[in-house]
Amino acid sequence: MSKISENSIYIYNSLKGEKELFKAVSAPNLGIYVCGPTVYSNVHLGNCRTFLSFDMVVRYFKFLGYKVRYVRNITDAGHLVDDAEEGEDKIAKKARLEQLEPMEIVQQYTVDFHNVMRQFNALPPSIEPTATGHIVEQIEMIQEIIDKGLAYESNGSVYFDVRKYITEGGAYGELSGRNIDELQQGTRTLDGQSEKKDNVDFALWKKASPEHIMHWPSPWSIGFPGWHLECSVMGTKYLGKQFDIHGGGMDLKFPHHECEIAQGKAANDVAPVNYWMHGNMLTLNGQRMSKSTGNTLLPEELFSGNNNLLDKAFSPTVVRFFMLQAHYRSILDFSNDALLASEKGYKKLMIAFDILQKTEFKATVLNQELDTEINQLCDKCYTEMNDDFNTPKTIAVLFDLVTKINIFQESKTFGSIAPETFTKLKETFCGMISDVFGLESEAEGNSEVLDSSLNLLLEMRQNAKQERNFELADEIRNKLTAIGVQIKDGKDGTTYSL
Ligand code: AMP
Ligand code: ZN
């Protein structure tokens, strides 16, 4: 039996508000769409948490044998400041402030995003489409919705007709639980909203004002697509009219995902997504980490130790482990103590990982009790992961396995368990850590050698400086920087970070 058929996965479907047995549209193929970043600034650790949660989900499905098509877009147009219906494009605003081309902003922050994801050992998506690369398809979908009578043109802009959609049976609010009448009362009438029939209607296309520099021709006006449309279009194009999983942070439920459902149903007559998954927020000092409030910590500030919040630098893999220690639907608060505890736990886990990797199997007398316990613990890893990707509980089981693995450390063989149990242990323990959680071994031995080598180079640089051989000192620093080692000269000496 394949691992797919052996494992029934239950996913908390935000649309239903409960866990549901997962059934892929066409197993072993699986389609997942995750809303990617709006590339107008560096991604912060909050954004990273959401992307790493879905990286774990994708990894687990792959580990079980699914053929995953993972689509994660780059929003490079259409997302307006304050997530509003009116105003400036986030990217255009940044370009104006920095006196750059919008596409220079897009390039710079897309590269930063990719670098950060690589440092976290996140798998790249199978397809990474951009909003600006799909303007034609967005215009086509708008036309389809107009043809269905569910959108209308007004003064060169096109709006989704929410009331009409509801009259025809559409359940606007089904994901977010928002009530249309309350929404209407709560919506301020801003400039330009008078073009709408109803102020709950949302934009599919906006006519560009003269100062709006990111614009394209369309049948209705020179303008730009509404923010919610790109994900409907790219999801449909690459995964089909109805696909398996759509993910994103909780803050995207409304209006973004609510509107995606309405657009998909209006254009294609089917619910676009079978399972909606939403990750919870990363907080800092109890407040949501957010670009707009400035309550953020950047990955680079964390990896280099260059920040005022934490006592020391933490490696990407420790941060990844820290995030996995919370369930993706729980709030997680970032703190020095929590990271220190994770670092300790992570090292303990990786020592056992290395023992298991290096030790050979040589049969001795079978310890049936231990054999049974190990088998049960291995099965439990899957049970916990199958329960809506419960990573904290899976990690707790892995620590129970660490205790068992340490029993073998002295005898230097795993011979007191059956050979099949040894294989299962290795496959489960190492597979969960490496393939599913994406944790990389910073084996004690390796990191000690690395540390000693780098300190040796720093010492040589110090000697060169003392001998006033600044050329050599600079060469050592520049070459180390080029390979990703940052050097920091402080009053207590020189330190490095990777
Ligand atoms: P954005 O670039 O603002 O569109 O956000 C990219 C992703 O990061 C979205 O899925 C957001 O829901 C998510 N996100 C933003 N802030 C946080 C946070 N503090 N914790 C977790 N995810 C977040
Ligand atoms: Zn989206």
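Residues numbered from 1 in each chain as written. Chains lettered and ligands numbered in written order. Predicted model: local features only at pLDDT ≥ 70, side-chain atom pairs only at ≥ 80, totals over all residues. Heavy atoms only, no water.

A few points about the overall build of the protein
Logical step 1: Looking only at helices and strands, the protein has 17 helices and 15 strands in total.
Logical step 2: When its C-alpha atoms are laid out on the principal axes, the protein stretches across 80 × 65 × 35 Å.
Logical step 3: The buried share among the 498 residues of the protein stands at 53%.
Logical step 4: In the protein, once contacts between residues fewer than 6 apart in sequence are set aside, the share between residues at least 24 apart is 74%.
Logical step 5: By element, 49% of the accessible surface of the protein is carried by carbon and sulfur atoms, the whole surface being about 22800 Å².
Logical step 6: Here the protein contributes 51 positively and 69 negatively charged side chains, and the mean placements of these two sets differ by 2 Å. (Helix = DSSP H or I, 4+ residues; strand = E, 2+ residues; numbered from the N terminus. Buried < 20%, exposed > 50% of the residue type's maximum accessible area, 1.4 Å probe, protein only. Contact = heavy atoms within 4.5 Å. Areas by Shrake-Rupley, 256 points an atom, 1.4 Å probe, with all protein chains shown as cover. Lys, Arg positive; Asp, Glu negative; His and termini not counted. Charge placed at Lys NZ, Arg CZ, Asp CG, Glu CD.)

Topic: the coordination of the zinc ion (ligand 2)
Logical step 1: Taken together, the protein ligands of the zinc ion (ligand 2) are Cys35 (SG), Cys231 (SG) and His256 (NE2), with distances of 2.1 to 2.2 Å.
Logical step 2: The motif formed by the donor residues of the zinc ion (ligand 2), counted along the single chain, is C-x195-C-x24-H. With Cys231 in helix H8 (residues 229-239) and His256 in helix H9 (residues 253-268), this pair connects stretches of sequence that are 25 residues apart.
Logical step 3: A relative accessible area of 2% places His256 in the buried class. (Donors = N, O, S within 2.8 Å, 3.2 Å for Na, K, Ca; no water.)

Topic: the domain arrangement of the protein
Logical step 1: Here the domain parsing of the protein yields domain 1 (8-279), domain 2 (284-436) and domain 3 (445-497).
Logical step 2: Using only C-alpha atoms to locate each centre, domain 2 and domain 3 end up separated by 32 Å. (Domains from an automatic or database assignment.)

Things to note about the packing of H8 against H9
Logical step 1: Contact geometry for H8 and H9: axes closest at 8 Å, N-to-C directions at 50°. The angle between H8 and H9 falls in the class oblique. Note that H8 runs across H9; the crossing there is right-handed. Residues Leu229, Cys231, Ser232 and Thr236 of H8 lie in contact with H9, whose contacting residues are His256, Glu260, Gln263, Gly264 and Asn268. (Axes fitted to C-alpha atoms, helices over the stretch in contact; angles between N-to-C directions. Parallel < 35°, antiparallel > 145°, perpendicular 65-115°, else oblique. Left-handed = near helix turned anticlockwise from the far one by under 90°.)

Concerning the pairing of strand E9 (residues 243-249)
Logical step 1: When you tally the buried positions in E9, you get seven out of seven residues, the bulk of the element.
Logical step 2: When strand E3 (residues 29-34) meets E9, the two strands line up parallel, connected through three bridges. Its bridge partner being in E9, Val34 is matched across the sheet by Gly247.
Logical step 3: In this sheet, strand E10 (residues 273-279) lies alongside E9 in parallel orientation, the contact comprising six bridges. Directly across from Phe243, in E10, lies its bridge partner Val273.
Logical step 4: As for the winding sense of the linkage, the β-α-β connection from E9 through H9 to E10 is right-handed. (Pairing = 2+ DSSP bridges. Right-handed = clockwise from strand over helix to strand, strands pointing away.)

Topic: the sheet that holds strand E12 (residues 287-288)
Logical step 1: Spatially, the three strands line up as an open sheet ordered E12-E11-E13, and their pairing is mixed. Two strands bound the open sheet, and with one partner strand each, they are E12 and strand E13 (332-334).
Logical step 2: As paired strands, strand E11 (residues 282-284) and E13 are joined by three bridges and run parallel to one another. Residue pairing in the sheet places Leu284 in a bridge with Phe334 of E13.

A closer look at the packing of helix H13 (residues 368-386) against helix H14 (residues 391-411)
Logical step 1: Their axes nearest at 8 Å, the elements H13 and H14 cross at an angle of 160°. Here H13 is positioned roughly antiparallel relative to H14, judged by the angle of their axes. For the pair H13 and H14, the sense of crossing is left-handed. In contact with Leu370, Glu373, Ile374, Leu377, Cys378, Lys380, Cys381, Glu384 and Met385 of H13, H14 contributes Thr391, Lys393, Thr394, Val397, Leu398, Asp400, Leu401, Lys404, Ile407 and Phe408.
Logical step 2: Broken down by class, the residue content of the contact of H13 with H14 amounts to eleven nonpolar, two polar and six charged. (Nonpolar A, V, L, I, M, F, W, Y, C, P; charged D, E, K, R; others polar.)

A word on the nonpolar core
Nonpolar side chains tend to gather and get buried jointly when the protein is soluble and globular.
Logical step 1: The biggest cluster of nonpolar side chains holds 96 residues, and the ones touching the most others in it are Phe61, Phe389 and Phe429.
Logical step 2: With twelve residues, helix H2 (residues 45-64) is the single largest residue contributor to this core.
Logical step 3: Two domains each put at least three residues into this core: domain 1 (8-279) and domain 2 (284-436).
Logical step 4: Contact partners of Phe61, with chain neighbours within four places excluded, come to Ile9, Ile11, Phe22, Leu30, Tyr66, Val68, Ile245 and Phe389. (Core = buried A, V, L, I, M, F, W, Y, C linked by side-chain atoms within 4.5 Å.)

Side note on the sheet that holds E10
Logical step 1: With respect to topology, four strands assemble into an open sheet ordered E4-E3-E9-E10, the strand pairing being parallel. On the outer flanks of this sheet lie strand E4 (67-72) and E10, each paired with one strand and no other. Averaged over all adjacent pairs, the angle separating strand axes in this sheet is 20°, with direction ignored.
Logical step 2: Where E3 lies against E4, six bridges are found, and the strand directions are parallel. Bridged to Asn29 within E4 is Lys67.

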